[in-house]
Amino acid sequence: MLRTILIVILICTFAQARSESRLEKQGTATRLIVDDAPYIIIGGETGNSMGSSTADVSECIAKAKAHGYNTVLFPVSWELIEPEKGKFDFATVDDIISQASAEELKVVFLWFGAWKNSMSCYAPEWFKRDTKFYPRARTASGKPLEIASAFSKNVFDADAKAFTSLLRHIKETDKSGTVIMLQVENEIGMLEDARDHSDLANAAYNKGVPAELVSHLKKYKKSLHPQLLSKWQKAGMKQSGSWTEVFGDDIFTDEIFMAYYYAKYVEGLAQIARSIFPDMPLYVNAAMNSRGRLPGEYPSAGPLAHLKDIWHAAAPTINFLSPDLYDSGFTSWVATYALPDNPLFIPEIKATPANSAQAYYVIGEHNAIGLSPFAFNLRPEADYEYQRKGNETLQSLTPVIARHLGKGTMNGFYFDSDSVSRTIERDGVRIKASHYFTLPWDPRATDGSPWKPVGGLIINISPLEYIVAGSGLVLTFEPALSKAPTTTAILGEDGFALTPTAKSSDKSDTFHKSDSSDKSDKSDPSDSSDSPFPRLGLASVTEVSVSPDGALHRIRTFNGDETHQGRHIRIGVDDFKILHVKLYEYE
Ligand code: DGJ
């Protein structure tokens, strides 16, 4: 009996000892800390309705494991936890936590409260039916929308009450520390109009620009989004006045007004979360303003990059604004959110075979907190294996990455048919990374089919020493001060020229696919042999595994054909690897 009591006390003490997840700064990065260790979210978000049945939750958990994820993003639906006003039922929440915890997966909960993709579809029936007490947003013509008004105290109080009960319940029951982050609402934004024109909204609008917003803009003038700064400047940089006096008379001013009040509403929820979870990261996600649409055609006033300063001013308790990425132009979109005042986390990205490579890219290039494809549970099973290999390899590298986050020692690479190579310089070394298919040896390189998107990251662990990880990459290393080659003759696998170069023949018609980032690359690399600088060779190329303490363990050594006799390092397109590369200088 005494033994049992002791065991129970020990279990409880251990369970209580789990510390809350938190954010901490390291250099220019914001690191996520989970169970007191740096953590990168290599996760997936489930389809919207998957949290509502035990069977679906089990399926998602099993599929998340099969993808090699460490985290699952699950919605919590207001209608399910408060089916009757004031009566809460957390069965679905408990189910998710216990199933995830049993499989050692962490969970990010997405609060589908007053708004989900602009709409109030996840509000309980009793809320939806009582539009007098819980008023709707309206268009300029007075049309009521299925969007609760952010200006209504009744709406906020009802939403806040459910959110508070949810978080208190998680705090009391999640002793395993399974829940590591919270998303407040989902893709907030006005549709059909750029702002709410209900009576409550108009009353707020008529009060003019709040002094706290102007003082925030003044304080952070140097880092304001260029679009907002120029809008404010064009209107004369006024310090007070109506919304149109301060920001100009156009639809984008309506959007700024609306963003301020959406963010204020969210701040109210965020402060509640903070009072229950003092450290847990809180974020909001945005549908992109893409494809040339105007506010209201896209969800107006969400946490969009051009509105970041408005959101930061009105919702300072939110830790970051996150993009949901469904359009082409992946590397450009992520760059708009990876800012000194906004750490990058991608809670949703279209599920494609490229997802794992995309995770390497955002972590290497932008010190990202993580990346999570949407509706991973719907992905064809044939794609799982490649994702799993990529995700598990990346996870194993986390202890090394964690030491380098924010130190300026990493880069990411992401290539496809349109963007095939990139040249960077670091520490006196020019590193050219290219899509594996720039080597024309694989029939898929030249058979006309689109090149599979590939990606990876490089970590400069010490001078002339690197970790290169990812899939589908070829890298060469040269002294940065040597003459940059302007043509790249194509060599066969045997190292002989595949075709004569311009030097030996003027019939030189076979060259690499053009370099997306280094269009001047058109000379024979041997041109740099005249350079007075030492040249660089591969001292060793080792495939490694990484243990949890960050130590590297040799799996195999690559040389000969596998390094093109010392000319390059490479990882095939169907594979993921971690390579430890050492260079040496020779003259
Ligand atoms: C973005 C939303 O946030 C998700 O919940 C889901 O509706 C997807 N769009 C569907 O593409």
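Residues numbered from 1 in each chain as written. Predicted model: local features only at pLDDT ≥ 70, side-chain atom pairs only at ≥ 80, totals over all residues. Heavy atoms only, no water.

## Quick look at the overall build of the protein chain
Heads up, the rule is: Labels follow the DSSP assignment, with helices taken as runs of H or I lasting at least four residues and strands as runs of E lasting at least two, numbered in each case from the N terminus. To sort residues, take the accessible area from a 1.4 Å probe on protein chains only and compare it with the maximum for the residue type: under 20% means buried, over 50% means exposed, and anything in between is partly exposed. Contact criterion: two residues are considered in contact whenever any of their non-hydrogen atoms come within 4.5 Å of each other. Accessible surface area values rest on a Shrake-Rupley calculation with a 1.4 Å probe, where residue burial reflects the displayed protein chains alone.
The helix and strand inventory of the protein chain stands at 17 helices and 23 strands. By the burial criterion, 57% of the 587 residues in the protein chain qualify as buried. Expressed as a percentage of contacts within the protein chain between residues at least 6 apart in sequence, the contacts between residues at least 24 apart total 74%. For the protein chain, the accessible area works out to roughly 24500 Å², and carbon and sulfur atoms hold 54% of it.

## Some details on the site of the ligand
Convention followed: Throughout, near means a residue has at least one heavy atom within 4 Å of the molecule or strand. Polar contact is the term for a pair of N or O atoms within 3.5 Å; when the atoms are in protein, one must be able to donate a hydrogen and the other to accept it, and sequence-neighboring residues count only if both atoms are side-chain atoms. In this classification, the charged set is Asp, Glu, Lys and Arg, the nonpolar set is Ala, Val, Leu, Ile, Met, Phe, Trp, Tyr, Cys and Pro, and all remaining amino acids, among them Gly, are polar.
Taken together, Asn-48, Lys-116, Asn-117, Asn-186, Glu-187, Asp-324, Tyr-326, Glu-348 and Phe-374 make up the full set of residues near the ligand. Note that an oxygen atom of the ligand is positioned 2.8 Å from one of the side-chain N or O atoms of Asn-186. Considering only residue class, the shell around the ligand consists of two nonpolar, three polar and four charged.

## As for the nonpolar core
Going by this rule: Residues belong to a common nonpolar core when they are buried Ala, Val, Leu, Ile, Met, Phe, Trp, Tyr or Cys residues joined through side-chain atoms within 4.5 Å.
Core analysis: the biggest nonpolar cluster contains 129 residues, and Phe-109, Trp-243, Phe-247, Tyr-262, Trp-311, Val-362 and Ile-401 have the highest contact counts within it. When residues of this core are assigned to their parent elements, the largest contribution, 15 residues, is made by helix H11 (residues 251-276). Contact partners of Phe-247, with chain neighbours within four places excluded, come to Val-209, Leu-213, Leu-217, Leu-228, Lys-231, Trp-232, Ala-235, Thr-253 and Ile-256.

## A closer look at the side chain of Asp-174
Looking at the secondary structure, you find Asp-174 in the loop between helix H6 (153-173) and strand S9 (179-183). From its side chain, Asp-174 meets the backbone nitrogen of Val-179 in a polar contact 2.8 Å long. Excluding residues within four positions of it along the chain, Asp-174 makes contact with Ile-97 and Val-179.

## Comments concerning the pattern of salt bridges
To be explicit about the condition: Any Lys or Arg side-chain nitrogen found within 4 Å of a carboxyl oxygen on Asp or Glu counts as a salt bridge.
In this structure the tally under the stated criterion is 26 salt bridges. Close ionic contact of Asp-36 with Arg-22 constitutes a salt bridge, the shortest N to O distance being 3.1 Å. Remark: Arg-22 occurs in strand S1 (residues 22-26) and Asp-36 occurs in the loop between strand S2 (29-34) and strand S3 (37-39); sequence separation between them is 14 residues. When salt bridges that share partners are traced, they join Lys-389, Glu-543, Arg-556, Asp-575 and Lys-577 into one network.

## Notes on helix H9 (residues 226-234)
Definition in use: Along the arc lie the directions from the helix axis toward the C-beta atoms.
Taken residue by residue, H9 has Leu-228, Leu-229, Lys-231 and Trp-232 as its buried positions. Viewed along the axis of H9, the buried residues span an arc of 165°, placing them on a single side of the element. Summarising the geometry of H9, the exposed residues directed more than 90 degrees from the buried face are Pro-226 and Lys-234. Close packing links the buried residues of H9 with helix H8 (211-219), helix H10 (243-247), H11 and helix H12 (308-314).

## Here's the deal with a negative patch on the surface
Just so we agree on the cut-off: Candidates for patches are residues over 30% relative accessible area with no salt bridge; among them, like charges are joined within 9 Å and nonpolar side chains (Val, Leu, Ile, Met, Phe, Trp, Tyr) within 5 Å. Within this scheme the basic residues Lys and Arg register as positive and the acidic residues Asp and Glu register as negative, but His and the chain ends are omitted. For this purpose, a charge sits on NZ of Lys, CZ of Arg, CG of Asp or CD of Glu.
There is a patch of like negative charges on the surface, built from Glu-493, Asp-494, Asp-561 and Glu-562. Among the structural elements, Glu-493 can be located in the loop between strand S19 (473-479) and strand S20 (535-546). Among the residues examined, Glu-493 registers a relative accessible area of 49% and is labelled partly exposed.

## Section: the sheet that holds strand S15 (residues 421-426)
Spelled out, the test is: DSSP bridges decide pairing: two strands pair if at least two such bridges lie between them. A fitted line through C-alpha atoms serves as each axis, taken over the contacting stretch for helices, and the angle formed by two N-to-C directions is quoted from 0 to 180°.
Taken together, the four strands give an open sheet; going across it, the order is S15-S16-S19-S22, and neighbouring strands pair in antiparallel fashion. Two strands in the sheet have a free side with no partner beyond their single neighbour: S15 and strand S22 (569-571). The sheet shows a mean angle of 20° between the axes of neighbouring strands, taken without regard to direction. By the bridge criterion, three bridges tie S19 to S22 in an arrangement that is antiparallel. Paired with Val-474 across the bridge in S22 is Arg-570.

## Quick word on the environment of Pro-399
By the secondary structure assignment, Pro-399 is in helix H16 (residues 398-404). When its relative accessible area of 22% is taken as the criterion, Pro-399 is described as partly exposed. As a C-alpha pair, Pro-399 and Val-546 span 147 residues in sequence and 8.2 Å in three-dimensional space.

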